[in-house]
Amino acid sequence: MRAPLLLLVVSYAIALIGFVLIPGVNEVGKTIHLTFFQAFYILSYTATTIGFGEIPYPFTNDQRIWMTFSIYLTVVAWFYAIGTIISLFQDPALKQAITAASFKRAITHLHEPFYLICGYGETGSELVRALDKNELRVVVVEINQERIHELGMTDYQFNVPNLCADAKNPDVLLCAGLNNPMCQGVAALTDDDHANLAIAVAVKLIKPELRMLARVENDVVAANMASFGTDHIINPYKIFGEHLAMEVNSLGTYLLHQWLTSVPGDIVKNPPAVPVGNWIVCGYGRFGKAVVKSLQQENLNIRIIEADPKGTNCEACIVGSGVEAHVLQEAGIEDAVGIVAGTDNDINNLSIVMTALEINPNLFVVIRKNRRLNEPLFSHFNADITMQPSDIIAHACLSYMVSPMLAAFLNLSRMQSNSWANAVIARLVMAVGEKAPDTWGVRILPTHASAICQLLEQGHTIRLQHLLLNPANGTEHLAIVPIMLVRGDEKILLPDLNMEVQPGDRYLCCGEDSAKSTQNFLLNDMRNMSYLVTGLELPETYIGRLLLRRKQH
């Protein structure tokens, strides 16, 4: 803008000086000169093509000649300046600079805890949706501008600050709020393992105490992440293999896990029982290897079909893609109970399953879905289990982000019996219905539960059931189920409602979002909490409470 601005200034100055120096004539024929103010006023409405008028007296021919010259001079300068301004605002670099400045202001004004999500693909979008429903703020960095546009068109209850940039750049992470005290953690969810590694390394070097979650599919990259102290390394294929084995051996535990890590409000379908017998796995890549390892641990007989045995190090397998009927028959499709279509091509996976079902219609079908845009094809097909990496990663991240206690609870639940998991599910269904519940933590600290702490200091006995009472009724419980108590180093699953509450206790609760809000209000409202615990209603005024305290003493 320097050249057009200088041209405007110079053209105005030349025209202005000419108007002042060229003499005019008043109504009595006396020679006069325009003042600088009069000259600037005339030039202002003339150069901007707003209008024209000869003031304070009609112009002489010399003045009109100069006016003509000034019009062409200043109008051309304005056209040049306006054209430059339009070109400037179309410049991608300027747009990026304006966007970055706006992004920085949004991060500066973010005074709530938030998570930094690097990558807004299928996994990132699912995780942002889940965190938004859990009332957790997020900041997104994505290198693909189309995905940023998709984020802008998605309706979230909270504003999601976003920046189109490469998250591998440490300056971008710092710009996105890495050093902001409100930042609770970073999730590297791009589809590039090395990019996720670079993000994890940068975060652990800049802010080692920050929680770091990273998606990875390559074992070597995963080991590298672990060496830098990455807190949670999430391999979707390994997790799916573990979940599949859990479905074979402990269906109730699997359902409980799915229920607690789903987006609140979503309906979680009951998973089908996985049959025991001969299984065929098509594709021995990272996904196929994880499935084979998990199924073999359950003592199932596995037959593998692989198109590239040398490339996948498959020693005992049948060569083929699985779409050929004779290859499936060679693998023993007639006497198999289940088939896993696990290649990295969605169309091939659908073709494998269609061919297999023509030969053996009673097969239990596990199919891998690689791209979310193929959802209509897979939903129409309706396999017994459809594996999508993005959903698995999002659920795993959610269990770590929503509440640190949730991940601990899920680990402990895997050690319990299947009947125990079924009992927990039944208890949750009775309290909150069949939709996935919200999950949150309750801490008995003055900053989180001031009313409880005050009552404990006064010597009152408070039981766990008091934290669940509905203040509108006083006898009914809110739609909340406490599923774990952490007291010091001790973790108690499904704590008894008659247990006494102690300062420093931490409870993991599940329930409806409205019940969560009511409980949070109740824990910090002395008047209502005192009535529920003691049965005595506190006066509403300060003087009334002061008189009550004197009477008690």
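As a reminder, the structure under discussion sits directly above these lines.
**Topic: the pairing of strand β4 (residues 137–142)**
And step 1. Taking burial as the measure, the six residues of β4 include six buried ones, the bulk of the element.
And step 2. Going residue by residue along β4, you find Arg137, Val139 and Val141 tucked away on one face and Val138, Val140 and Glu142 tucked away on the opposite face as well.
And step 3. Across five bridges, strand β3 (residues 114–118) lies against β4 in parallel orientation. Bridge pairing in β4 links Ile117 to Val140.
And step 4. The parallel pair β3 and β4 is bridged by helix α5 (residues 122–133), and the resulting crossover is right-handed.
And step 5. Taken together, the three bridges between β4 and strand β5 (residues 162–164) define a ladder with parallel strand orientation. Paired with Val140 across the two strands is Asn162, which belongs to β5.
And step 6. Crossover handedness for the path β4 to helix α6 (residues 145–153) to β5: right-handed.

**What about the sheet that holds β3?**
And step 1. Read across the open sheet, the six strands follow the order β5-β4-β3-β6-β7-β8; overall the sheet is parallel. Two strands lie at the open edges of the sheet, namely β5 and β8 (232–234), each paired on one side alone. Taken pair by pair, the neighbouring strands of this sheet meet at an average axis angle of 15°, ignoring direction.
And step 2. As paired elements, strand β7 (residues 211–215) and β8 share three bridges and run parallel to each other. Within the sheet, the bridge partner assigned to Arg215 lies in β8 and is Ile234.
And step 3. Sheet strands touched by α5: β3, β4, β6 (183–188) and β7. Its angle to β3, the strand with the most contacts, is close to 165°.
And step 4. Docked against the sheet, helix α17 (residues 389–401) engages β3, β6, β7 and β8, running at close to 170° with respect to β7.

**Some remarks on the side chain of Asn196**
And step 1. Relative to the helices and strands, Asn196 is located in helix α8 (residues 193–206).
And step 2. Leaving out residues up to four positions away in the same chain, Asn196 has contacts with Ala188, Leu189, Thr190, Arg215 and Met225.

**Quick look at the nonpolar core**
And step 1. Leu256, Leu260, Phe409, Leu428, Ile444, Ile452 and Tyr507 are the most contacted members of the largest nonpolar core, which totals 52 residues.
And step 2. Not counting the four nearest positions on each side in its chain, Leu428 is found in contact with Leu256, Trp259, Leu260, Gly433, Val481, Ile483 and Cys510.
And step 3. Judged by nonpolar contacts, the second largest core, of 48 residues, contains Ile117, Ile392, Ala394 and Met401.

**A look at helix α1 (residues 2–21)**
Note that an α-helix has 3.6 residues per turn; residues three or four places apart therefore point the same way.
And step 1. The terminal C-alpha atoms of α1, which comprises 20 residues, lie 29 Å apart, in line with the 28 Å expected from a rise of 1.5 Å per residue.
And step 2. Listed in full, the buried residues belonging to α1 are Pro4, Leu8, Ser11, Tyr12, Ala15, Leu16, Gly18, Phe19 and Val20.
And step 3. Where α1 is buried, its residues touch α2 (36–47) and α3 (61–89).

**Things to note about the packing of aromatic side chains**
And step 1. Applying the stated rule across the entire model yields seven aromatic pairs.
And step 2. A centroid spacing of 5.4 Å and a plane angle of 35° characterise the contact between Phe240 and Phe287, whose relative ring orientation is tilted. Pair noted here: Phe240 is in helix α10 (residues 236–249) and Phe287 is in helix α12 (residues 286–297), with a separation of 47 residues, a long-range link. Phe287 shares its class with Phe240; the two are buried.
And step 3. Aromatic rings pair up to connect Tyr237, Phe240 and Phe287 into one cluster.

**Focus on the pairing of strand β9 (residues 278–282)**
And step 1. Of all five residues in β9, four are buried; the element is thus mostly enclosed.
And step 2. Across five bridges, the pairing between β9 and strand β10 (residues 301–306) is parallel. The residue bridging Val281 from the neighbouring strand is Ile304, located in β10.
And step 3. This β-α-β element, β9 to α12 to β10, shows right-handed connectivity.

**Points about the sheet that holds strand β17 (residues 490–493)**
Across a sheet, strands are paired by hydrogen bonds formed along the backbone, either parallel or antiparallel in direction.
And step 1. Spatially, four strands are ordered β15-β18-β16-β17 in an open sheet, and the strand pairing comes out antiparallel. Looking at the sheet topology across the chains shown, the edges are occupied by β15 (438–443) and β17. Neighbour-to-neighbour, the strand axes of this sheet turn through a mean angle of 20°, independent of strand direction.
And step 2. In the sheet, β15 pairs with strand β18 (residues 506–511) via six bridges, with the strands oriented antiparallel. Considered in β18, the bridge of Thr439 is made with Cys510.
And step 3. Those strands touched by helix α21 (residues 513–523) are β15, β16 (480–487) and β18, and its axis lies near 10° from that of β15.

**Notes on the packing of helix α11 (residues 251–261) against helix α19 (residues 418–432)**
And step 1. Two elements in contact, α11 and α19, have axes whose closest approach is 7 Å; the angle formed by their N-to-C orientations is 40°. Relative to α19, α11 is oriented oblique. α19 is crossed by α11, and the crossing has left-handed handedness. Contacts from Leu251, Gly252, Thr253, Leu255, Leu256, Trp259 and Leu260 of α11 reach α19 at Asn418, Trp420, Ala421, Asn422, Val424, Ile425, Leu428, Val429 and Val432.
And step 2. By residue class, the composition of the contact of α11 with α19 is 12 nonpolar, four polar and no charged.

Scoring rules and cut-offs
Residues numbered from 1 in each chain as written. Predicted model: local features only at pLDDT ≥ 70, side-chain atom pairs only at ≥ 80, totals over all residues. Heavy atoms only, no water. Buried < 20%, exposed > 50% of the residue type's maximum accessible area, 1.4 Å probe, protein only. Helix = DSSP H or I, 4+ residues; strand = E, 2+ residues; numbered from the N terminus. Pairing = 2+ DSSP bridges. Right-handed = clockwise from strand over helix to strand, strands pointing away. Axes fitted to C-alpha atoms, helices over the stretch in contact; angles between N-to-C directions. Contact = heavy atoms within 4.5 Å. Core = buried A, V, L, I, M, F, W, Y, C linked by side-chain atoms within 4.5 Å. Expected span 1.5 Å × (residues − 1). Phe/Tyr/Trp six-rings, centres within 6.5 Å; stacked < 30°, edge-to-face > 60°. Parallel < 35°, antiparallel > 145°, perpendicular 65-115°, else oblique. Left-handed = near helix turned anticlockwise from the far one by under 90°. Nonpolar A, V, L, I, M, F, W, Y, C, P; charged D, E, K, R; others polar.

Shape is all these values report; function is a separate question.
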